[in-house]
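Chain residues, written in single-letter form:
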Amino acid sequence: MFLGIDIGTSGVKAVVLDEHGAVAAQGLAALTVQRPQPLWSEQDPEAWWDATTAAVQAIPAAIRRAVRGVGVAGQMHGATLLSADDKPLRPAILWNDGRAFAECEEMEAAEPDLRRIAANIAMPGFTAPKLLWVAHHEPEVFAATRTVLLPKDYVRFLMTGEKASDMSDAAGTLWLDVGRRDWSDALLAATGLAREHMPRAVEGTDLTGRLRAEVAELWGMGEVPVVGGGGDNAAGAAGIGVVRDGDALLSLGTSGVIFVATGELRPNPERTVHAFCHCLPGLWHQMAVHLSAASCIDFAAKLTGAAGAADLFARAEAAGPASGPEIFLPYLSGERTPHNDPQVRGAFLNLDYETTPERLAQAVLEGVAFALGDGLDALRSAGTEVSQLSVIGGGARSRYWGETIAATLGVELVYLRGGEVGPALGAARLAQIAVDGGSPAEVCEAPPVSHRIAPDAELAARLAPKIEQFRAAYPRVTPKSHARSV
């Protein structure tokens, strides 16, 4: 059996696969995010460890004893700063933190070749600009920093005592030469760092160490090997078989991601398309990333008094598609693709006396779908053609939402049994490849198809006018536009 651990933003998930590749058991422990100031998003690294232990211990003891390898996945871009004695110096700065927007311009000015080396534009969510922000605003913390680790890699360090990061996660730091799959001395120097501040870069199927004896005892497991793993999106892709050139997925988690595997590096930084290494050797991928997706569902449920996500979906369905003029802009913590705008915020538009909680719920589902459509357009402008998307994440539970998304994107959505398990599934499969051998195509099989949703032309026509209003609204609400008009 193989254990996959996913250090998410809202919780840690642990999944064990049996010898047939089926999910034998799962454990989950919640996490919270701290937002002490506007644009800030932070977590306590020790909370990741406590939640990881709780999630693993929620798996039956007999199953834990049978585990032969562990893979780790997790939220990308988080800056975990460790001192000389390997203790966190401050709360980790997360992927959806937008404070370092000025530092992005500074970094690109310091290294004019940044976009070619990193295959991406500098964005506040990436790790490197966060370190420049710390250097400017918390110089004593920066001076004391000896190692920078990503969230899953800090958990790996506590598990094994080893500092390592896989290529897919490392590519999201803005310190990796993505084409060469190695740290870039030039990009590190642009933030006042060097290779000695970095963990060793490995492939997702490489062995990185073994569980320390005290951790093995705590978790009721052997001192089994721990493999490189992957960033959450790449690991999620491996979990559902998106491991060949042209395979694609849609992740409807806290954030929303359209992910396309590529046999070569195909960057398009001008449209804020992410081009990263895959968690498997010899593969890369493109992503359109939206900072808020299923998190908008939780937001709207709280706002409208719905009992939860299922109740909100039911209310939206009661209203029906394009049932009112309401438009929702889902930029609750800024946006990446295609706007690269950490300061824009969400909004409801076109409210009137006829607006109801049901119509607001429908507008939220539509708004996220429209944002995903903007992301797919950016991928298409990079020469990527997508005809179908495998769907994973918590948002995959709603077929009704899927109908709106399929019509907006104009592609077929393929729902997989067990697809909601997500990155933890892929992490476990990476461990299986490392320990037992086998090719990614053999081990990372797509789960059985539950159902498919083809784009509905009539629904697409009903949504088209609202999509145009949605796209016209962004320039009116972004602080970027306001600044230009002054």
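Just so it is clear, the model here is predicted, and its values are computed rather than measured.

A. Highlighting the sheet that holds strand E2 (residues 11–17). Pairing in this open sheet of six strands is mixed, and the strands run E3-E2-E1-E5-E14-E13 from one edge to the other. The sheet terminates laterally at strand E3 (23–30) and strand E13 (207–210), the two strands that pair on one side only. Averaged over all pairs of adjacent strands, the angle between strand axes in this sheet comes to 25°, irrespective of strand direction. Packing of helix H7 (residues 151–160) onto the sheet brings it into contact with strand E1 (2–7), strand E5 (69–74), E13 and strand E14 (225–231), and relative to E14 it is tilted by some 175°. Packing against the sheet, helix H11 (residues 232–239) makes contact with E1, E5 and E14, and its axis sits at approximately 105° to E14.

B. A look at the side chain of Glu42. Here Glu42 shows up in strand E4 (residues 42–43). Of the residues examined, Glu42 reaches a relative accessible area of 6% and is grouped as buried. Engagement of the side chain of Glu42 in a polar contact is seen with the side chain of Arg90, the distance being 3.1 Å. At 2.9 Å, the side chain of Glu42 forms a polar contact with the side chain of Arg99. Apart from the residues within four sequence positions on either side, Glu42 is in contact with Val33, Gln34, Pro36, Arg90, Pro91, Ala92, Ile93, Leu94 and Arg99.

C. Looking closely at the sheet that holds strand E16 (residues 256–262). The seven strands are arranged E17-E18-E16-E15-E21-E22-E23 in an open sheet whose pairing can be described as mixed. Two strands lie at the open edges of the sheet, namely strand E17 (274–277) and strand E23 (449–453), each paired on one side alone. Between one strand axis and the next, the sheet turns by 30° as a mean value, whatever way the strands run. Strands in contact with helix H15 (residues 399–409) are strand E15 (248–252), strand E21 (388–392), strand E22 (412–416) and E23; relative to E23, the strand with the most contacts, it is inclined by about 50°.

D. Representation of the pairing of strand E18 (residues 284–290) in the model. Counting buried residues in E18 gives seven out of seven residues, a clear majority hidden from the surface. Burial of E18 is two-sided: the residues Trp284, Gln286, Ala288 and His290 facing one way and the residues His285, Met287 and Val289 facing the other way are all buried. Summarising the sheet, E16 and E18 pair through seven bridges and their orientation is antiparallel. Paired with Thr262 across the strands is Trp284, a residue of E18. By the bridge criterion, four bridges tie E17 to E18 in an arrangement that is antiparallel. When the bridges of E18 are listed, Ala275 appears paired with Gln286. Taking the residues that link successive antiparallel strands as the turn, the E17-E18 hairpin has six residues, and the phi of Gly282 there is positive, at about 75°.

E. Structural detail: the pattern of salt bridges. Taken as a whole, this structure holds 29 salt bridges when the rule is applied. With a closest N to O distance of 3.4 Å, Asp352 and Arg359 form a salt bridge. Its relative accessible area of 37% is what places Asp352 among the partly exposed residues. For Arg359, a relative accessible area of 16% puts it in the buried group. In this structure, the salt-bridge partner of Arg471 is Asp377, at a minimum N-O distance of 2.8 Å. Of this pair, Arg471 sits in helix H18 (residues 457–477) while Asp377 is found in helix H14 (residues 357–381), placing the two residues 94 residues apart along the sequence. Members of the salt-bridge network, linked through shared partners, are Glu42, Arg90, Asp97, Arg99 and Glu138.

F. Seen up close, the packing of H11 against helix H16 (residues 423–436). Contact geometry for H11 and H16: axes closest at 6 Å, N-to-C directions at 70°. Compared by their axis directions, H11 and H16 come out roughly perpendicular. Contacts between H11 and H16 involve Asp232, Ala235, Gly236, Ala238 and Gly239 from the first element and Pro423, Leu425, Gly426, Ala427 and Arg429 from the second. For the contact of H11 with H16, the class distribution of residues is five nonpolar, three polar and two charged.

G. Region of interest: the packing of aromatic side chains. Overall, the coordinates contain 10 aromatic pairs when judged by the stated rule. Considering the side-chain rings of Phe313 and Trp401, the 5.8 Å spacing of their centres and the 40° angle between planes classify their relative orientation as tilted. Here the residue Phe313 occupies a position in helix H13 (residues 309–319), and Trp401 occupies one in helix H15, the gap between them amounting to 88 residues. As far as burial versus exposure is concerned, Phe313 and Trp401 are alike and both buried. Judged by centre distance (6.0 Å) and plane angle (85°), the rings of Tyr331 and Tyr474 are edge-to-face. With Tyr331 in the loop between strand E19 (327–329) and strand E20 (347–349) and Tyr474 in helix H18, this pair connects stretches of sequence that are 143 residues apart. A relative accessible area of 1% places Tyr331 in the buried class. Residue class for Tyr474 comes out buried when judged on its relative accessible area of 10%. Ring-pair connections join several aromatic residues into one group, and the members of that group are Tyr331, Phe370, Phe470 and Tyr474. We note Arg99 situated over the ring of Trp40; from NZ or CZ to the ring centre the distance is 3.6 Å.

What counts, and where the lines are drawn
- Position numbers for residues start from 1 in each chain and track the written sequence from start to end.
- This being a predicted model, a pLDDT of at least 70 is required before a residue's local features are given, and a value of 80 or more before pairs of side-chain atoms are given or counted; all residues contribute to the totals for chains, interfaces and linings.
- Side-chain numbers come from the whole structure's heavy atoms, not from hydrogens or water.
- Strand pairing is assigned whenever DSSP detects at least two bridges linking the two strands.
- Here a helix means four or more residues in a row that DSSP labels H or I, a strand means two or more in a row labelled E, and each is numbered from the N terminus.
- Angles here are taken between N-to-C directions and fall from 0 to 180 degrees, while the axes themselves are lines fitted to C-alpha atoms, restricted in helices to the stretch in contact.
- Should any heavy atoms of two residues lie within 4.5 Å, those residues are counted as being in contact.
- Three labels apply to residues, based on accessible area from a 1.4 Å probe with only protein chains included: buried if under 20% of the type maximum, exposed if over 50%, partly exposed otherwise in between.
- Distance and chemistry together define a polar contact, namely a pair of N or O atoms within 3.5 Å, with one atom able to donate a hydrogen and the other to accept it when in protein, and with adjacent residues in sequence counting only for side-chain atoms on both sides.
- Counted as salt bridges are all cases of a side-chain nitrogen of Lys or Arg within 4 Å of a carboxyl oxygen of Asp or Glu.
- In these notes the angle categories are as follows: under 35 degrees is roughly parallel, over 145 is roughly antiparallel, 65 to 115 is roughly perpendicular, and the rest is oblique.
- Throughout, the ten residues Ala, Val, Leu, Ile, Met, Phe, Trp, Tyr, Cys and Pro are labelled nonpolar, Asp, Glu, Lys and Arg are labelled charged, and all others, Gly among them, are labelled polar.
- Only centres within 6.5 Å qualify two rings of Phe, Tyr or Trp (six-membered ring in Trp) as a pair; their planes then separate them into stacked at under 30 degrees, edge-to-face at over 60, and tilted for everything else.
- We call a charge positioned over a ring when the NZ of a Lys or the CZ of an Arg lies within 6 Å of the ring centre and within 35 degrees of the ring normal.

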